[in-house]
Each structure stands twice: as C-alpha cells, then as structure tokens.
Amino acid sequence: MKLFMAPLQGYTDAPYRLFHTEVFGGADGCFSPFLRWEKGEPARRTMRDILSPLNAETAGFVPQIIFRDAEEMRRLAGALKAEGFDRVDLNMGCPFPPQVAKGRGAGFLLRREEMEKVAAYVAEDSSVSYSLKMRLGVDDPWQWRDVVSVLRKMPLEHVTIHPRTAREQYRGDLHLDRFEELASAVGKPVVFNGEIHTPGELEEVAGRWPWLHGVMAGRGLLGRPSLFREWRDGQEWDDRRRLEGLLRLHGLLWGHYRGVLCGEAQLLSRMKSFWYYALLPHRQLKRIAKARSAADYEAAVRELSV
Ligand SMILES: Cc1cc2nc3c(=O)[nH]c(=O)nc-3n(C[C@H](O)[C@H](O)[C@H](O)COP(=O)(O)O)c2cc1C
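Residues numbered from 1 in each chain as written. Predicted model: local features only at pLDDT ≥ 70, side-chain atom pairs only at ≥ 80, totals over all residues. Heavy atoms only, no water.

**A short note on the nonpolar core**
Point 1. By size, the foremost hydrophobic cluster in this structure holds 97 residues, and its most contacted members are Ile65, Met73, Leu90, Tyr130, Met134, Met154 and Trp275.
Point 2. Mapping this core onto the domain boundaries places at least three of its residues in each of domain 1 (2-233) and domain 2 (239-302).
Point 3. With residues near it in sequence (within four places) discarded, methionine 73 still touches Ile65, Phe67, Leu90, Val118, Tyr121, Val122 and Tyr130. (Core = buried A, V, L, I, M, F, W, Y, C linked by side-chain atoms within 4.5 Å. Buried < 20%, exposed > 50% of the residue type's maximum accessible area, 1.4 Å probe, protein only. Domains from an automatic or database assignment. Contact = heavy atoms within 4.5 Å.)

**Topic: the site of the ligand**
Point 1. Taken together, the neighbourhood of the ligand is formed by 19 residues, with Pro7, Asn193, Glu195, Gly218 and Arg219 sitting nearest.
Point 2. The contact in question runs from an oxygen atom of the ligand to an N or O atom on the side chain of lysine 133, over 2.9 Å.
Point 3. One nitrogen or oxygen atom from the side chain of asparagine 193 is found 2.6 Å from an oxygen atom belonging to the ligand.
Point 4. Counting atoms within 2 Å of the grid points, the majority share of the ligand lands in the second largest pocket. (Near = heavy atom within 4 Å. Polar contact = N/O pair within 3.5 Å; in protein donor to acceptor, adjacent residues only side chain to side chain. 1 Å grid on protein atoms, 1.4 Å probe; cavity = no way out; pocket = protein on both sides within 12 Å on 5 of 7 lines; lining within 4 Å. Sits in = over half its atoms within 2 Å of the grid points.)

**Points about the layout of surface pockets**
Empty space left among the atoms is revealed by rolling a probe the size of a water molecule over them.
Point 1. Here the largest pocket defines a volume of roughly 880 Å³.
Point 2. Residue lining of the largest pocket: 27 residues in total, with Asp13, Arg45, Thr46, Arg48 and Asp49 positioned closest to the centre.
Point 3. Elements with a minimum of two residues in the lining of the largest pocket: α1 (14-23), α2 (44-50), α11 (239-260) and α12 (264-274).
Point 4. Looking at which element gives the most residues to the lining of the largest pocket, the answer is α2, with four residues.
Point 5. Class assignment for the residues of the lining of the largest pocket results in 12 nonpolar, eight polar and seven charged.
Point 6. Counting contributing residues per domain, the lining of the largest pocket is built from domain 1 (2-233) and domain 2 (239-302), each supplying no fewer than three.
Point 7. Lining the second largest pocket are 32 residues, and of these Pro7, Leu8, Gln9, Pro95 and Tyr170 sit closest to its centre.
Point 8. Taken together, the residues that form the lining of the second largest pocket break down as 15 nonpolar, 12 polar and five charged. (Points joined across faces, edges and corners; volume = space filled by probe spheres on them. Helix = DSSP H or I, 4+ residues; strand = E, 2+ residues; numbered from the N terminus. Nonpolar A, V, L, I, M, F, W, Y, C, P; charged D, E, K, R; others polar.)

**Here we look at the domain arrangement of the protein**
Point 1. Each domain of the protein was delimited in the assignment, giving domain 1 (2-233) and domain 2 (239-302).
Point 2. Between the C-alpha centres of domain 1 and domain 2 the distance comes to 28 Å.
Point 3. Contacts between the two partners involve 20 residues from domain 1 and, on the opposite side, 17 residues from domain 2.
Point 4. Each partner contributes to the roughly 1,600 Å² buried at the junction of domain 1 and domain 2, and carbon and sulfur atoms together form 68% of this total.
Point 5. When the buried area of domain 1 at its contact with domain 2 is split by residue, Tyr11, Phe19 and Val23 rank highest and sum to 33% of it.
Point 6. Across the domain 1-domain 2 interface, the total number found is one salt bridge.
Point 7. When the shortest N-O distance is used, the salt bridge between aspartate 13 and arginine 270 registers 3.2 Å.
Point 8. Scanning the region where domain 1 abuts domain 2 turns up three residue pairs in polar contact (both at pLDDT 80 or more).
Point 9. Put simply, the parts of the chain that give the side of domain 1 that touches domain 2 at least two residues each are α1, α9 (219-223) and α10 (227-233).
Point 10. For the side of domain 1 that touches domain 2, the element with the most residues is α1, which contributes six residues.
Point 11. Counted by class, the side of domain 1 that touches domain 2 contains 10 nonpolar, four polar and six charged residues. (Buried area = accessible area lost by both parts, 1.4 Å probe. Salt bridge = Lys/Arg side-chain N within 4 Å of Asp/Glu carboxyl O.)

**What to know about the packing of aromatic side chains**
Point 1. In the structure shown here, the tally under the stated rule is 16 aromatic pairs.
Point 2. Considering the side-chain rings of tyrosine 11 and tyrosine 277, the 5.3 Å spacing of their centres and the 50 degrees angle between planes classify their relative orientation as tilted. In this pair, tyrosine 11 sits in the loop between β1 (2-5) and α1 while tyrosine 277 sits in the loop between α12 and α13 (282-290), placing the two residues 266 residues apart along the sequence.
Point 3. Classification of tyrosine 11 as buried rests on a relative accessible area of 18%.
Point 4. Residue class for tyrosine 277 comes out partly exposed when judged on its relative accessible area of 24%. (Phe/Tyr/Trp six-rings, centres within 6.5 Å; stacked < 30°, edge-to-face > 60°.)

Below, the structure written as structure tokens:
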C-alpha cells in the first residue's frame, strides 16, 4: 500500500516536503497545493513552489491543478508540460466556498459537461499521466453518481477520495459506505484520504480495505510527521523520539526560512503554522504562538519537552 502526503496550502510547501523526506521518509509521493489560473497566467507563487529545485530531491513529487472548465485545465496542464512535467493531479475536492461557487474543486463535480471535455483531453494526452483527488459531492454524498461514468473513462493513475461533501469541510463523520460504493464504481486504483492520525488508524484502514492502492494523510501527518515511518517500522515511537524527530524537521525549516524570508514577521508567521496541528500540550504551544521576536520564538521552542 502506497503512502502519500496530502497537499495543504500554506503548510506542505517545497521546503516542508523535502525536509520531511530527509528526516522521516516513508512517503511514496506528495502533491503541491493547487495551482490555479490567476490574472491570465498560472498563479505565480504556487508556480514558484512547483518549480523549486527542492522538489527534485523529494519523493514522488506531483503538481496539482484546480480549474473551472476544460479550457483552464488545458492551460494549466500545458504550462506544467512546458516546464517538463509528465505527471499532474486534478483537484475536484477543494471545499473552499469561493472556489466551489465558481465551479472549481468539488464544484467541478457538478459540471458534467466540462468534465466530459476534461476526460477527452486526459484520454488523448499521452505525454502526461494524471491522477485525481475528489470529494463525494458538494452538498450531497451521492452527487458523485452523476459523474462516475465520466471518471471511469479517464485513464488515471489513481483516484484519491476524501469521503465528505464540500459543505462538510473538514469536520464530522466520514461517509465510509459511500466511499466503498464510489471506490468500487470508479474502476481505478483508489487512495483513501481522511482523519488518519495514528499508525493504528493506518493499520485499520489497510486491514479493512486490503485492495486500496494507497492512503493519503494531511493534518495527521503534519501533527505527527513520523506517522508513515512508524507504520513502516511496524512499531510506534515513544513521545520523546517523536518530539526529537519533530524538532529536527523544525530545525531544518527554521534554518531554511531564516535564509529566504524577509523580515521577522514573515518568518514567525510561517514558522508558527508549523505548530498548528502539532500534538503537544496547549500550554507549550501557547508560548510559541505568543512569540513576537525570533529570540522569543527560539526560546519557546527550546522549552518544548515531553
Ligand atoms: C489548510 C488546508 C489546505 C488544503 N489545501 C489543499 C490543496 O491545495 N489541495 C488539495 O487537494 N487539498 C487540500 N486540502 C485538503 C487536504 O489535502 C486533505 O484532503 C484534507 O485535509 C483531509 O485529509 P486529512 O484528514 O488527512 O487532513 C487542504 C486542507 C487544509 C486543512
């Protein structure tokens, strides 16, 4: 079973992906946060992340695109092809209301006609292999049924399914029955994505659905970056070892961003997001969150203990 790091805008950028590979390894692949069409060109900031030389050293890096119609999809895929990419992930899962309202992300699941055009393009495009990441629907966990026959026609490496609707955002129970139905109907290798936080949960999913092509983890992996490594080792790490790993990853990111970000405010804002999903006592994280200078911040991190 393959293991994938989920894309999280603002968290899993090129330095994070590379340093995670260096410190823990364990992931077979990782995806860029979505690239979208912005002011007549692929969004510059995301494109810089996708073209970062750091990606060359990162396990199985794949850029992801989000689009509202086949034309936008063609342009974005074309821009990536022009940069030499032969692997692209299609975002049909983003639940962010402004994107969904414009028909992007999960909103694309309601655009069957455009999806037919994307399917035709994907089928004809022999220079790129595609994968796709999706939710069950926008506001109804059955909506995938209207487009599953189109998805079946697309030659895809795999389909990643987060079994919630866009309206459910990132909370609440997963629709596991609907996941199984979609997984069997879609006729592609399937990657499960949602609420995997511990090696035990990973094991449970692997045992429950032995036919899975893979599992993708997002917030659980950010909170416990050793998650995949622990599962592969077949043994959970104790709290001390997990914290040591987290601090090594942090040290590499701190060193990197100190060299490339301008100004303390920008540096602190990026580094504070590193701790957002961390599984550490609230009182310890509070001091980090409150730090107003690099010196305060470093002191707060030095105080972390298990
Ligand atoms: C802050 C944030 C940013 C995200 N950005 C993206 C993105 O750019 N592309 C994408 O496909 N999913 C994105 N996601 C969704 C995650 O990849 C993943 O599907 C979701 O967090 C559920 O998995 P998890 O329960 O393992 O976290 C984002 C999620 C969050 C919370």
